[in-house]
Amino acid sequence: MASSHTVLMRLVASAYSIAQKAGTIVRHVIAEGDLGIVEKTCATDLQTKADRLVQMSICSSLARKFPKLTIIGEEDLPPEDVDQELIEDGQWEEILKQPCPSQYTAIKEEDLVVWVDPLDGTKEYTEGLLDNVTVLIGIAYEGKAIAGVINQPYYNYQNNENQKLREPRNEAKAGPDAVLGRTIWGVLGLGAFGFQLKEVPAGKHIITTTRSHNSQLVTDCVAAMNPDDVLRVGGAGNKIIQLIEGKASAYVFASPGCKKWDTCAPEVILHAVGGKLTDIHGNALQYNKEVKHMNSAGVLATLRNYDYYASRVPESVK
């Protein structure tokens, strides 16, 4: 009896099922072997068939069920009839069993903005670094990210980088019994689910940062953190997962490359477990529908000890 559930929890339950379908599409495109790569603005800014199909799937599925939503997707696609096979109508029942936080019970559909990154880590996807890839659906209210879903199509895909690059793309394999993929979700005031929260050992400073969008600013800012280790990986979603699973202590990106659809869903998951994500100056990111899409002042995110990292950002970088 869907009508007894709040708009927000129905939307999150739908987004969960839609994200799972998106993960299936991402894996299917690789299995077919033709990624349909298009350069958008430069050689590191790519779009694949998976980006296009997943965005059509997510946006059309959400719009059918929630016609008054504002949905902002990364890819600039021409309007076209969407194949019925791309539509996901299900809702994840486990989410509907959860109580909606009281501050969100009266939200109307038209008050919500959904930010969609159909394939976060596209460049890594084209290079076979499949565990970097995520599908991101972030939900914002009054400019604030309040709910989010992250699908990792290749969670459990264990393989080393060199081997991946040598393998033909359509033969990417996981371990013998691995179930590929998982979906993480969260709502502020309720929590985040679908993963095991873990922290980096106390006193360790492990920085995760960009793999394909490096610059002098990024390098200077990372160096100022005095890190024990630096992880260079693709995808904002992937980097936030590193923070909540104890692989990194801070995500530092002092550059304007990241967009609102990259950070909306991951920010919710991080905030729901007590972490913090801001721009490099310490300002909260805004997600209302009129906001510009670029996070032009970069990203600083941590699970714990935010102030330590924020205090080390050099004035020259700011």
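Computed from a predicted model, the values in this text were never measured in an experiment.

Reading guide: rules and limits
- Each chain has its residues counted from 1, running along the sequence as written.
- In keeping with the model being predicted, local features are shown solely for residues with a pLDDT of at least 70 and side-chain atom pairs are shown and tallied solely at 80 or more, while totals for entire chains, interfaces and linings include all residues.
- Calculated side-chain values reflect all of the structure's heavy atoms, with hydrogen atoms and water omitted.
- Should a side-chain nitrogen of Lys or Arg be within 4 Å of a carboxyl oxygen of Asp or Glu, the pair is scored as a salt bridge.
- Partly exposed describes any residue whose relative accessible area lies between the buried limit of under 20% and the exposed limit of over 50%, with all areas from a 1.4 Å probe on protein chains only and scaled to the type maximum.
- Secondary structure is summarised from DSSP: a helix means a run of H or I of at least four residues, a strand means a run of E of at least two, and numbering begins at the N terminus for each.
- The pairing criterion for strands is at least two bridges between them, as found by DSSP.
- A crossover gets the label right-handed when its path from the first strand over the helix to the second runs clockwise, viewed with the strands pointing away from the viewer.
- Bear in mind that the domain bounds are from an automatic or database domain assignment.
- When checking whether two residues touch, look at their non-hydrogen atoms; a contact exists if any pair is within 4.5 Å.
- Note: buried area is the sum, over both parts, of the accessible area (probe 1.4 Å) each one loses when the two are combined.
- Whenever two N or O atoms come within 3.5 Å, that pair is a polar contact, provided that in protein one can donate a hydrogen and the other can accept it, and provided that, for residues adjacent in sequence, both atoms are side-chain atoms.

Before we go on, may I ask you to explain the pattern of salt bridges in this structure?
Any two side chains of opposite charge can pair, given that their charged atoms come close. On inspection of all chains with the given rule, the structure shows 13 salt bridges. One salt bridge connects glutamate 94 with lysine 97, and the closest N-O pair in it is separated by 3.0 Å. With a relative accessible area of 44%, glutamate 94 lands in the partly exposed category. Of the charged contacts, one joins glutamate 127 and arginine 211 as a salt bridge, the two residues approaching to 2.6 Å between their closest N and O atoms. Residue glutamate 127 is located in the loop between α4 (122-126) and β5 (134-141), and its partner arginine 211 is located in the loop between β9 (206-210) and α6 (216-224); the two are separated by 84 residues in the primary sequence. Through salt bridges that share partners, Lys40, Asp45, Glu74 and Glu75 make up one connected network.

Is there a simple way to explain the pairing of β9 in this structure?
Regular strands place side chains that alternate from one sheet face to the opposite one. Most of β9 sits inside the fold, with 5 of its 5 residues counted as buried. Strand direction decides the pairing type here: β9 and strand β10 (residues 229-233), joined by 5 bridges, are parallel. Bridge pairing links threonine 209 to arginine 232 in β10. Handedness of the crossover joining β9 and β10 through α6: right-handed. Alignment of β9 against strand β11 (residues 250-253), held across 2 bridges, turns out to be parallel. Each bridged residue has a counterpart across the sheet, and for isoleucine 207 the counterpart in β11 is alanine 250.

How should I be thinking about the domain arrangement of the protein in this particular structure?
Accessible area lost upon the coming together of the parts serves often as the stated size of an interface. For the protein, the domain assignment lists domain 1 (7-193) and domain 2 (206-317). One C-alpha centre belongs to domain 1, the other to domain 2, and the line joining them spans 20 Å. Contacts between domain 1 and domain 2 engage 40 residues on the former and 30 residues on the latter. Here domain 1 meets domain 2 over a buried area of about 2,600 Å², counting both sides, of which 64% is carbon and sulfur. Along the contact surface separating domain 1 from domain 2 lie 3 salt bridges. Where domain 1 touches domain 2, the interface holds 8 residue pairs in polar contact (both at pLDDT 80 or more). Going through the elements one at a time, β3 (70-73), β4 (112-120), α4, β5, β6 (144-152), β7 (182-187) and β8 (191-193) are the ones with two or more residues in the side of domain 1 that touches domain 2. The greatest single-element share of the side of domain 1 that touches domain 2, amounting to 8 residues, is contributed by β6.

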